[in-house]
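Secondary and tertiary structure notes
Single-letter residue listing:
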Amino acid sequence: MNIIQLPSILPGDLDLAAINQQLRSGDTQLDWSAVVSAPDRELAVLFADMNIDTHAEAIGAEDSTMSESIVERVIKLLTKKTKKSPKIITKPVNKTFPAVWKQDSFIDNEYLPIQDRDNPAQTNLIKPQPKISPKYATKETQSEPETIKVLKIPSLYQIRQELEQSIFNDLLGPAGGEEEEVDELRVSDRYLVGLLAPQNRKVRPDELEESREQMDDLAVSGQGTTEDGTTETNIVPPADKMFPSSLGMTFCVSATTKALQVSASWGQYERVESKITFKDDGTTPKTVWKRQPIKGTSPPIILNPGTIPHWTIHPDYPNVFISGQIRRQGEDWIVTLFLVNAQQEPERLVDRAWLFQPEMSVQSAEPSNPGIFIQRFHRRANKIDPVVFAEAQAMAMIYRNQVEFAVGHGVGVRSVVIPDKPEYATRLSTQIIPTYEVPQTNAPTVEDLPKLAGLVLDMQQLAEADITLLPQMLASLITAYEHWITEQTARINDSASGLEDYQDTAQVAMDNCKQTLARIQKGIELLASDAKAAEAFQFMNRAMWQQRIHSIYSEQKRQGQQEVELADVDTRKNRTWRPFQVAFILLNLPSITDLEHPDRCHPTNAIADLLWFPTGGGKTEAYLGLTAYTIALRRLQGVIAGRSGESGVAVLMRYTLRLLTLQQFQRATALICACEEIRRQDEAKWGKEPFRIGLWVGQKTTPNRTEQSEEVLKQKLGQYQPTSSGSPHQLTNCPWCGTKIDPGKQHIKVDSFAKGQGRTLTYCGDALGRCLFTQKNSPTEGLPVVVVDEEIYRRLPTLLIATVDKFAQMPWNGQVQMLFGQVDGYCQRHGYRSPETDDSNSHPGRYGLPAATTLPKNPLRPPDLIIQDELHLISGPLGTLVGLYETAVDSLASWEVNGTLVRPKVIASTATIRQASDQVHNLFLRQVQVFPPQGLDVEDNFFSRQNLPSEEHPGRRYLGICATGRRLKAALIRVYVATLAASQHLYEKYGEIADPWMTLVGYFNSMRELGGTRR
Ligand SMILES: [Zn+2]
Ligand SMILES: [Zn+2]
């Protein structure tokens, strides 16, 4: 036998092709011991046309001289080549690999139906049960060749379950099954969560090091802007002794219960010789941590007030026990249980005294009486404040079937409830990584509610219908909602609905629904009685229809789908309202239309309508609809009380700080483009003043002055040094047709105040000039967007998008008054003026422009509609300040018509309605009306219905990871790595279908946390 010594870096001076010949003839072996680097291309030459089955010995992968990383690559190379072969390929599993631990490689997931879920309704879920692959289960099976299987591609839902299980395995374990081996120095480094430290232990030097690093974080504070914020690390004490030694729960047990039975289990790791991993020589077993499952079930624990005597779970571990307390609560019992690790940490191999994957569960000791767990006692809501009390009662009512049975101490708790009696649970168990799936919320369809039949939700149909038919087209919304209210009201006295304790609250909820019904009805009646309202309603439908399809069309174009045509996306699905959107618009019509409507004008009881719908549910569309209606109506109503509605800001749309996204701006701009298209077709009806949208935000985002705009543009064209101000380049693509807007290609032009009209114009970049908003088709306006503050004051865009903090300008900048219609003149060249505006009364004809003078002007009609997005964020210190400015905003936007002081209509969106009435009163001095009003259950309020999480209706799944004793950064990295590794694995396994999980988005509470993670 000829042995060739390979050099440290292949190929060295060897002829690998020649060696390949020798290897294949079978009389040569390789000595890999010196090899450090073996590039894939060299390996390919060396092993050309060789097969791992027939040439195993010659390849030398079984020989210990080859390093593990090279072994892996050789196997990969050879299996990749052989995959081309049509015959069934088998490869022997070699005992020396995989020596590197690989996520998932030990586990096959098996999907089994399970019963124990927090929610009985979720019992149809299946939970993957990890089990050890047969190939690793015993040594004998290893010699069997593994066949490469053809995988069946699972559904997205199943892939997510698999991902979740992988994350569980990686962070909590045991990744390799109940009796896994961990080939790492410490098991406590292997798993992030689910560790109970021994009570008596020394702190490791590296933990001290970590706590010192955290102290350093404290030292580098300063430069504290609001964005930097504070981080939790600043208040957490040093990490020593931060690992918990116990976990527990407190729960309530019904009076009839005699005794409890507790079960507990954990993974005990001991240092042993491995049965499956070997040292480099291939024969000496490695020393590894071997897991042993420890389990125990207690004798009945009789319910008696006082301390529960320690119960030792397993005789081998006398200092691991369950302890607790039992107290009376009226007739019932309150029980607290703890699983305690009171062991002493040994001098070496400390992990032997740690508990991993600990779990504790409790159930009735009497099989005849299983449903013993009842709702945890809640302190009664304070009756002194009737509003807070009513709200607490309403919450308690709609969530009456979601019972909280226990509170965990340092751990989550999951409960198994009796399927048809959700107020009783049969078993409570701790859950180190608690999970919850927030159900999908969907709009009802005719299938759900047959009475909805006949309701027209197609924007095109509503826009083009004979105006007298509108009320009829919307009538079944009333019929169906009325029918639903009647049905629900009948349930109040039905014992099956469990409303005995909530009779008054249920009645109030139904009254609210009836009130909403009446308001929607009034909206429909208005369309029948007021021709201008009906016409504005049709304008809105047409504008929204065009907005929808152009938004979809331009987005597809932006993504590079050049072949798509506008007609392709003009389908009914893309231009259909959801019932709640139409209902919300209808109920607001009367108070927007009738300036003297008490819902709008009453000094204290005017109504602010609060739209409460989950994110992504279509709130923005509802606002945009009302926006389109308002701006159309102003044009139709003409001059009222000496003020023209043709010009001036009609709608103020406000976002919180930086929460305005480009997508929202794009969609709002698309709406204004649609309005502008309609106006240009009939200027006699809709007026000569173009519709425009303004973006009034901080100077870091958009320029304050036109000169700054010019500077930024020159800089983009490479002519100037960078400046610190924002950019006029806010739209990357035309919202109407999707064409890229490139300031470098003259798509943005600045016409200064000194030498021109003082405009920063953004043109659509369509070179063929087909789009309505190119320089060819719209030379003086371009896209109807105004982003420079100075130009916003002079041109007064119809729709103004602003951030709340921008209103702090009011006391400092006199020009802001113009946004509220306070103008006194109009310069023919530069637009509106106020006493605070710096402009001369006449301009001579220069620079190709005609001579211009300033004409006197009456004040304009102030904004009719104020839309506040994410209202719940306007609380705390920000809420206090916004509330102060809001008084001024309300006053500035109010005007007198026929002796009545007309206030602006306020609508807001929110994610939580808790104490909304207080908040709205403090901010806007208005009464709140929540839409949609709640019904009797959280699952159904007519306009939105929850679907129980299932394969067809997957919800948003949350995993809660609480890594006590770990540094924030370490925990974050481990969680990210677990998630990304698992998704990468799924991607390699199933391909494209796993792609949605290949993206990970991280959120940080502050800039400092973000910075700390980057270090
Ligand atoms: Zn365009
Ligand atoms: Zn001027």
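Residues numbered from 1 in each chain as written. Chains lettered and ligands numbered in written order. Predicted model: local features only at pLDDT ≥ 70, side-chain atom pairs only at ≥ 80, totals over all residues. Heavy atoms only, no water.

1. Regarding the coordination of the zinc ion (ligand 1)
When a metal carries six donors in an octahedron, the ideal angles between them are 90 or 180 degrees, while four donors in a tetrahedron ideally lie at 109.5 degrees. Donor atoms from the polypeptide that coordinate the zinc ion (ligand 1) comprise Cys734 (SG), Cys737 (SG), Cys764 (SG) and Cys771 (SG), at 2.2 to 2.3 Å from the metal. Note that the zinc ion (ligand 1) binds four donor atoms; their angles at the metal cover 96 to 116°, and the shape is tetrahedral. Expressed as a motif, the donor residue spacing for the zinc ion (ligand 1) is C-x2-C-x26-C-x6-C. Of the two residues, Cys737 is situated in the loop between α20 (706-716) and β28 (748-751) and Cys771 in the loop between β29 (759-762) and β30 (785-786); the sequence distance between them amounts to 34 residues. Owing to a relative accessible area of 12%, Cys737 belongs among the buried residues under this scheme. (Donors = N, O, S within 2.8 Å, 3.2 Å for Na, K, Ca; no water. Tetrahedral: all angles 85-135°; square planar, octahedral: opposite > 155°, others 65-115°. Helix = DSSP H or I, 4+ residues; strand = E, 2+ residues; numbered from the N terminus. Buried < 20%, exposed > 50% of the residue type's maximum accessible area, 1.4 Å probe, protein only.)

2. Some thoughts on the coordination of the zinc ion (ligand 2)
For the zinc ion (ligand 2), the full set of protein donor atoms is Cys827 (SG), His830 (ND1), Asp839 (OD), Asp839 (OD) and His843 (NE2), at a range of 2.1 to 2.6 Å. One chain supplies every donor to the zinc ion (ligand 2), and in sequence these donors are spaced C-x2-H-x8-D-x3-H. Cys827 sits in the buried class, given a relative accessible area of 0%.

3. Remarks on the sheet that holds strand β35 (residues 852-856)
Taken together, four strands build an open sheet; the order of strands is β33-β32-β35-β34 and the sheet is antiparallel. Either end of the sheet is taken by a strand with one partner, and the two such strands are β33 (831-833) and β34 (842-843). Two strands pair when backbone bridges link them, and β34 and β35 are joined in this way by two bridges, in the antiparallel orientation. Residue pairing in the sheet places His843 in a bridge with Ala852 of β35. (Pairing = 2+ DSSP bridges.)

4. Re the sheet that holds strand β26 (residues 651-655)
Strands belonging to one sheet form pairs held by backbone hydrogen bonds; the direction of such a pair is parallel or antiparallel. The strand order across the open sheet built from eight strands is β30-β27-β31-β26-β36-β39-β23-β40, with neighbouring strands paired in parallel fashion. If you trace the sheet from one side to the other, it starts and ends with β30 and β40 (927-931), each paired once. Pairing of strand β23 (residues 607-612) with β40 involves five bridges; the strand directions are parallel. Among the inter-strand pairings, Leu610 is bridged to a residue of β40, identified as Val930. With respect to the sheet, helix α18 (residues 662-681) is in contact with β26, β27 (693-696), β30 and β31 (799-803), its orientation differing from that of β27 by roughly 155°. (Contact = heavy atoms within 4.5 Å. Axes fitted to C-alpha atoms, helices over the stretch in contact; angles between N-to-C directions.)

5. Some words on the pairing of strand β39 (residues 905-910)
Burial analysis of β39 places six of its six residues in the buried class, the great majority of the element. Sheet topology note: the β23/β39 ladder contains five bridges and is parallel. Across the sheet, the residue bridging to Trp612 is Thr910, located in β39. Two elements, strand β36 (residues 865-868) and β39, share four bridges in a ladder whose sense is parallel. Within the sheet, the bridge partner assigned to Gln868 lies in β39 and is Ala908.

6. Remarks on the nonpolar core
Counting 108 residues, the largest nonpolar core has Leu477, Leu586 and Tyr629 as the members making the most contacts within it. With 11 residues, the top contributor of residues to this core is helix α13 (residues 531-558). Apart from the residues within four sequence positions on either side, Leu586 is in contact with Leu474, Leu477, Arg519, Ile520, Gly523, Ile524, Leu527 and Phe537. Counting 54 residues, the second largest nonpolar core, distinct from the first, contains Ile159, Met249, Ala406 and Val411. (Core = buried A, V, L, I, M, F, W, Y, C linked by side-chain atoms within 4.5 Å.)

7. Brief notes about helix α1 (residues 16-25)
Among all positions in α1, only Leu16, Ile19, Asn20 and Leu23 are buried. Looking straight down α1, one finds that the buried residues subtend no more than 110° of arc, so they occupy a single side. Facing away from the buried side of α1 by more than 90 degrees, the exposed set consists of Gln21 and Ser25. Looking at the buried residues of α1, the elements they touch are β1 (2-5), β2 (28-31), α2 (40-46) and α3 (56-59). The opening residue of α1 is Asp15, an N-cap whose side-chain oxygen sits 3.2 Å from the backbone nitrogen of Ala17. Gly26 sits one or two residues past α1 and shows a positive phi near 90°. (Arc of directions from axis to C-beta. Polar contact = N/O pair within 3.5 Å; in protein donor to acceptor, adjacent residues only side chain to side chain.)

8. A word on the packing of helix α9 (residues 386-398) against helix α12 (residues 503-529)
Contact pair α9 / α12: the axes reach a minimum separation of 9 Å and the direction vectors enclose 95°. The angle between α9 and α12 falls in the class roughly perpendicular. Contacts between α9 and α12 involve Gln393, Ala394 and Met397 from the former and Thr505, Ala506 and Ala509 from the latter. Counted by class, the contact of α9 with α12 contains four nonpolar, two polar and no charged residues. (Parallel < 35°, antiparallel > 145°, perpendicular 65-115°, else oblique. Nonpolar A, V, L, I, M, F, W, Y, C, P; charged D, E, K, R; others polar.)

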